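Breakdown of the fold
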Amino acid sequence: MTQGHRADYRSQVLSLLNAVKRVIVGRPFRNDRLAHTLLPKRIALPVFASDALSSVAYAPDEILLTLALAGVSAVALSPWVGLAVAVVLLTVVASYRQNVHAYPSGGGDYEIANVNLGKFAGLTVASALLVDYVLTVAVSMSSAANYLATAVPSLHGSQALIATLGVVVLALVNLRGIKEAGSVFALPTYIFMAAIIGMSLVGAIQAATGTLGLAESAGFEIVPESHFDQGLVGLAGAFLLLRAFSSGAAALTGVEAISNGVPNFQKPKSKNAATTLLLLGVIATTMLAGILFLANATKVHIVLDPATEFLKDGKPLPEGYIQNPAISQIAQTVFGAGSIPFYIIVAATGVILVFASNTAFNGFPVLGSILAQDGYLPRQLKTRGDRLAYSNGVLALAAGALVLILAFNADVTKLIQLYIVGVFISFTASQLGMVRHWGRELKKVRDKATRLRLMKSRTINMLGFGMTALVLTIVLITKFEQGAWIALLAMLVLFLIMWSIRAHYDNVAKELAVDEDSAPRALPSRVHAVLLVSHVRKPVLRALAYARASRPWKLDAVIVDISPEETARTVEDWEKLDIPVPLTVLASPYRETVTPIIDYVKNMRKDSPRDLIVVYIPEYVVGKWWEQLVHNQTALRIKTRLHFEPGVMVASVPWQLKSSKEAQQLQELR
């Protein structure tokens, strides 16, 4: 391939890659477009609340599955467990409404804990939230894959692949920008809410009129675990109830995302965020209550392993039986298998579970940006991408979720054991921080009306702290051995990584800070220039001219004696041109180029430690990719080594070969 064709090919590849990026991500936005990406409440609700709303798709299943360990009689307690979860959900929503008014900057739980409880608590909350965001995506996508396998049985066994593709697609959508993503997600989220609430109403009417049927699993006998033969009695029964409650508490995840996303709301930001939180609490509670009521009324039974835990007429189920999720069984019972409403509900549930991950895709990048600004994460995470989204944060979240999905093979029951630990750590810390915040504010205020308002807010947050601390204790006790320890370990590792990053940045800042020794008046005593010579050719003569033009105190030319014949020829050519610069030959008994030069420069530094040494290196500028492989490799190694030498500068002197000039002309013509 000729040089011209090669340059044309490279240009076409770059143009193609840029075109693909623009198709996927869209054209870049100017900074002044940031205001246009802010969200009204009607779009903010599906963007930030889809996680909490979608949890009704798997939280009831986990409650039913856990209670089923004690047999059919224990499953009847599922509505009461759901009621306890609903009480906690409404309490947390009320508490977070105080949070968004007091801290509208978007730091959320991290900022509250950092300001009121200290850096250690703030970083603990940050690590918990980051891990939980990753788990949100993994759990939601895995659950969505399971619902898709329900609608299309031939896909059963491919859930991990489906979830992986879902994460990739969602990441690409979010790279296009938050408002565009919100517009895509709004309609399906509202369809899901309408479908679940509508199903609950129709089912309630059928139950009231005696026309509600039984679920497909209602006739199955549940084989309880050996230590639950007597049902929920004793300490083991109480522990199982608490475990079911902790699994159902997954319905609370996503509430904190709104407090992290306040900056993305339209003005008045705090008021709109608080209103969205209220809507979230009411809608999620209604949906959860409706599903658990119908699951109990239709006698939905869900177990961990249908092949061993279900019996029909005293016999195990046929091999290959696929257990459908609770919503699917309820929809089939209320509307009939294969009906249009049935498929709408199943499809809407699968879609909302995919979109639930979008809550994390909005919360994780914002939190990552704040942590990067505070020096706890790499600084690449704090800047916005082409579409004013935090692109690097989106990619980091997608990568973490893919690792979990593949590691756990998209098994929701296994993943959910890791879930909600982090979010309740952040809940508890933020509520304690808010109690301290209001206490500090009360000391500053004397107005009676204002004090009453602050005391009301503090009371709400105190209630929230007590409730979330209790739930956190239950979650840690009941889920630790089931997998919660993995999440705690991940939080600890992330905590240590962020702490070390901050320590590194602090050390670098301290090392680079200007002091008396590095003040501008502390100039080098002299400049000593060194020219590297291999042959007497045009690039060397250009580098020599540049070095002489800088007027150094002293200028030396050096050549490494790799081949005595070539070295002698170069010295002869040097003398023929009568160049007024001495050429020093460096011995190299082992035919090594870099080491003699480094030793020469080190000796110069040793003799004159206050001198500045500038090493001039001639380099070729090429136009073909393979030419780079056969040129400049020695120069690259020399530069790399010299960069570690204090008091030494490297000046690369380019010489444009013909191929590079042709490539440049082609670029200009384009």
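Values in this document were obtained by computation on a predicted structure and should not be read as measured data.

**A look at the layout of surface pockets**
When its volume is computed, the largest pocket comes out at roughly 880 Å³. Where the lining of the largest pocket is concerned, the elements lending two or more residues are helix 3 (59-67), helix 7 (119-151), helix 8 (159-175), helix 13 (306-309) and helix 17 (412-418).

**Focus: helix 14 (residues 326-335)**
Summarising burial for helix 14: eight of the ten residues are buried, a large majority. Taken together, the buried positions of helix 14 are A326, I327, S328, Q329, I330, A331, T333 and V334. Looking one or two residues past helix 14, G336 carries a phi angle of roughly 95°, positive in sign.

**Concerning the environment of P316**
Counting through the fold element by element, P316 comes out in strand 3 (residues 315-316). Judged by its relative accessible area of 55%, P316 falls in the exposed class. Along the backbone, P316 and E221 are 95 residues apart, and their C-alpha atoms lie at a distance of 9.5 Å. In this structure, P316 is in contact with A307, F310 and L311, ignoring residues within four places of it in sequence.

**What to know about the packing of aromatic side chains**
Scanning all chains against the criterion turns up six aromatic pairs. Note on F495 and W499: the rings are 5.8 Å apart at their centroids and 15° apart in plane angle, and the pair reads as stacked. Within this pair, F495 and its partner W499 are both found in helix 19 (residues 448-512), separated by four residues, close to a single helical turn. According to the relative accessible area criterion, F495 is buried, its value standing at 10%. By way of ring pairs, the aromatic residues Y96, F424 and F427 are connected into one cluster. Lying over the aromatic face of Y376, R502 brings its terminal NZ or CZ to 5.2 Å of the ring centre.

**A word on the nonpolar core**
Generally speaking, nonpolar side chains in soluble globular proteins are found buried as a group. Within the largest apolar cluster, 149 residues are counted, with the highest numbers of intra-cluster contacts made by V255, L280, L371, F424 and M498. Look past the residues within four positions of L371 in its chain and what remains in contact with it is Y110, A126, L130, Y376, L377 and M498.

**Points about the pattern of salt bridges**
For the coordinates displayed, the defined rule picks out six salt bridges. The partner of E572 in a salt bridge is K576, with the nearest N and O atoms 3.7 Å apart. Of the two residues, E572 and K576 are both situated in helix 21 (residues 564-576); the distance of four residues between them amounts to about one turn of the helix.

Definitions and limits used
- Residues numbered from 1 in each chain as written.
- Predicted model: local features only at pLDDT ≥ 70, side-chain atom pairs only at ≥ 80, totals over all residues.
- Heavy atoms only, no water.
- 1 Å grid on protein atoms, 1.4 Å probe; cavity = no way out; pocket = protein on both sides within 12 Å on 5 of 7 lines; lining within 4 Å.
- Points joined across faces, edges and corners; volume = space filled by probe spheres on them.
- Helix = DSSP H or I, 4+ residues; strand = E, 2+ residues; numbered from the N terminus.
- Buried < 20%, exposed > 50% of the residue type's maximum accessible area, 1.4 Å probe, protein only.
- Contact = heavy atoms within 4.5 Å.
- Phe/Tyr/Trp six-rings, centres within 6.5 Å; stacked < 30°, edge-to-face > 60°.
- Lys NZ or Arg CZ within 6 Å of the ring centre and 35° of its normal.
- Core = buried A, V, L, I, M, F, W, Y, C linked by side-chain atoms within 4.5 Å.
- Salt bridge = Lys/Arg side-chain N within 4 Å of Asp/Glu carboxyl O.

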